[in-house]
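Chain and residue survey
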Amino acid sequence: MRKTLLLAIALSALLLASCEKKSAPHPQPPAQADTPVQPAATPDSAGDIVFADGTATAWREGLTLTDAQKKAAVAVIFYAGKDCWRVLGVGLAQEQTGLVWCTDDANAYKDIITPILCEADGDAGALTFTGDKDGSVNLEQIGAFLRENGIPDDTEYKSLYPAFYFAKNYAKADGSNVRGTDYAGGWYLPSLAELYQIWENRATVNAAIALCGGRQFGDYWYWSASQYQHYLSAFTLNFSSGNWGASSKHSIYKSVCAVRTFNGEEKTMTVRENLKLRSGEATYTQVLAVMQAGTKVRILELGWAETIDGIPSNWVKVEVQQGAKDRDGKAIKGGTVGWCFGGYLE
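In this text the structure is predicted, and so the values were computed from the model without any measurement. (Residues numbered from 1 in each chain as written. Predicted model: local features only at pLDDT ≥ 70, side-chain atom pairs only at ≥ 80, totals over all residues. Heavy atoms only, no water.)

**Comments concerning the overall build of the protein chain**
Condition: A run of H or I in DSSP becomes a helix once it reaches four residues, and a run of E becomes a strand once it reaches two; helices and strands are each numbered from the N terminus. Per-residue accessibility, obtained with a 1.4 Å probe over protein chains only, is compared with the maximum for each type, and a residue is labelled buried under 20%, exposed over 50%, and partly exposed between these values. Note on definitions: a residue-residue contact is assigned when non-hydrogen atoms from the two residues lie within 4.5 Å. Per-residue and other accessible areas follow the Shrake-Rupley method at a 1.4 Å probe size, with only the shown protein chains counted as cover for residues.
Helices and strands together make up the secondary structure of the protein chain, namely 6 helices and 16 strands. Within the protein chain, buried positions represent 55% of all 346 residues. Partitioning the contacts of the protein chain with sequence separation of at least 6, the portion at a separation of at least 24 is 66%. Surface accessibility of the protein chain: about 14,900 Å² in total, with carbon and sulfur atoms responsible for 48%.

Given below as structure tokens:
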């Protein structure tokens with residue numbers, strides 16, 4: 001399979017918008033250092049500052065923003081993959097007072113949540129990763145793992161999973177600038193691999209965040225959404241050294257950030273028949289829920305192209321909207337994120 005666009009499906013306009021390369025490079029540096037930049041491009045490079053209207057501009061020495069632009073800034077891009085479908089940004093606000101990954105009475109505390117294992121290899125500052133490198137549905141995967149193993153799913157309680165819910169409810173964070181915008185949803189706690197991408201670009205990311213008036217990454221330990229090999233621990237990353245650590249899930253001495261995808265226009269679509277919401281972009285991945293026909297979902301990201309049941313389409317990451325139900329008529333919590341096959345959306 002190739003990550004290519006299939007123009008014959010209902011998603012075509014959205015996919016073209018999200019994957020079209022810019023016709024012109026980022027705006028050139030202003031003639032004078034105190035001349036505010038005029039954003040005109042969509043985000044596609046590490047260091048890009050993203051604004052609430054979807055435009056972006058690249059950070060550079062001497063760049064200035066107007067007060068209005070600072071208030072409109074919502075994120076800084078820290079990773080743009082070789083394929084245009086994966087562009088990740090980090091929010092301008094952080095929680096550095098200490099949040100636990102989960103409390104010691106959460107049902108995920110004493111289990112190895114195998115679907116979200118992410119293993120690091122190599123020395124500090126030169127790490128590589130295997131396993132679950134996408135943290136966007138890790139909270140949902142925890143819930144599915146608990147249910148599959150006959151354990152009550154308690155992931156709906158934000159008091160039990162504070163770090164995850166800081167990210168999930170990021171719009172409520174002071175200084176996020178995203179409340180009431182198209183970017184209010186879709187935020188998540190990054191995986192260890194994604195957190196490491198921020199660390200690799202930390203100088204540019206921090207400079208851009210500072211320019212926007214946000215909170216920079218300090219020399220702290222940050223939580224990832226990734227399970228460690230020991231059941232009581234989750235992965236953290238040290239932003240001083242670039243090395244990983246394994247911390248007790250209920251440790252309070254960790255900072256938290258929130259990330260999301262920035263892949264162009266987002267669009268709401270409807271499930272046209274019962275459709276599985278999965279943890280990844282393949283039929284062998286974990287089923288998080290079965291969405292009832294008529295469920296409204298918001299498209300967050302484009303994935304693999306595939307033909308299923310004779311229908312050519314793309315896998316898409318979606319956010320379930322309020323009022324959704326599964327095939328048995330039980331409620332699916334609004335804001336739940338997962339992957340589904342786009343050929344069954346309209």
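Alright, that's what it looks like, and here's the rest.
**Topic: the nonpolar core**
Here is the rule we go by: What we call a nonpolar core is a set of buried Ala, Val, Leu, Ile, Met, Phe, Trp, Tyr and Cys residues that are connected through their side-chain atoms within 4.5 Å.
Ranked by size, the top nonpolar core spans 71 residues in total, and within it I49 and Y161 carry the most contacts. Those residues within four positions of I49 in sequence are excluded, and the remaining contacts are T55, A56, T57, L63, L65, A73, A75, V76, A208, L211 and C212. Among the nonpolar cores identified, the runner-up in size contains 25 residues, and V271, V297, I332 and Y344 belong to it.

**Concerning the pairing of strand 3 (residues 73–80)**
Rule in force here: Strands were regarded as paired on the criterion that DSSP finds at least two bridges between them.
The buried fraction of strand 3 is high, at 6 of 8 residues. Pairing of strand 1 (residues 48–51) with strand 3, which is carried by 3 bridges, proceeds in the antiparallel orientation. Bridge pairing in strand 3 places V50 opposite A75.

**Observations regarding the environment of E119**
Looking at the element boundaries, E119 is found in strand 5 (residues 118–121). Sequence spacing of E119 and K133 is 14 residues, and the spatial spacing of their C-alpha atoms is 8.9 Å. Discounting chain neighbours no more than four positions away, the residues touching E119 are T128, F129, T130, Q229 and F235.

**Some words on the pattern of salt bridges**
What counts is decided by this rule: Whenever Lys or Arg places a side-chain nitrogen within 4 Å of a carboxyl oxygen from Asp or Glu, that contact is recorded as a salt bridge.
Using the criterion set out here, one finds 6 salt bridges in the structure. Note that E301 is salt-bridged to K317, the shortest N-O span being 3.2 Å. Residue E301 is found in strand 14 (residues 296–308), and its partner K317 is found in strand 15 (residues 311–320); the two are separated by 16 residues along the sequence. One salt-bridge network, held together by shared partners, links D134, E301 and K317.

**Quick look at the sheet that holds strand 9 (residues 244–248)**
As a reminder, the rule being used: Axis geometry follows a simple rule: fit a line to the C-alpha atoms, using only the stretch in contact for helices, then measure angles between N-to-C directions, giving values from 0 to 180 degrees.
A sheet is described by the order of its strands in space; here 3 strands give the open sequence 7-8-9, paired in antiparallel fashion. Looking at strand neighbours, the two that pair on one side only are strand 7 (221–227) and strand 9, the edges of this open sheet. The average angle at which neighbouring strand axes cross in this sheet is 40°, direction not considered. Sheet topology places strand 8 (residues 233–238) next to strand 9; 5 bridges connect them, and they run antiparallel. Note on strand 9: the bridge partner recorded for L237 is W244. Packed onto the sheet, helix 5 (residues 192–200) meets strand 7, strand 8 and strand 9 and runs at close to 10° relative to strand 8.

**Some thoughts on the packing of aromatic side chains**
Our working rule: Stacked, tilted and edge-to-face are the three classes assigned to paired rings of Phe, Tyr and Trp, where Trp is represented by its six-membered ring and a pair needs centres within 6.5 Å; plane angles under 30 degrees give stacked, over 60 edge-to-face, the rest tilted.
Here the structure, examined in full by the defined rule, presents 16 aromatic pairs. Judged by centre distance (5.0 Å) and plane angle (70°), the rings of W101 and F164 are edge-to-face. Placement of the pair is W101 in the loop between strand 4 (87–91) and strand 5 and F164 in helix 4 (residues 162–168), with a sequence separation of 63 residues. Residue classification places F164 among the buried residues on the basis of a relative accessible area of 5%. On the numbers, 5.1 Å between centres and 50° between planes, the contact of Y183 with F262 is tilted. Residue Y183 is located in the loop between helix 4 and helix 5, and its partner F262 is located in the loop between strand 10 (259–261) and strand 11 (268–270); the two are separated by 79 residues in the primary sequence. Neither residue differs from the other here; Y183 and F262 are each classed as buried.

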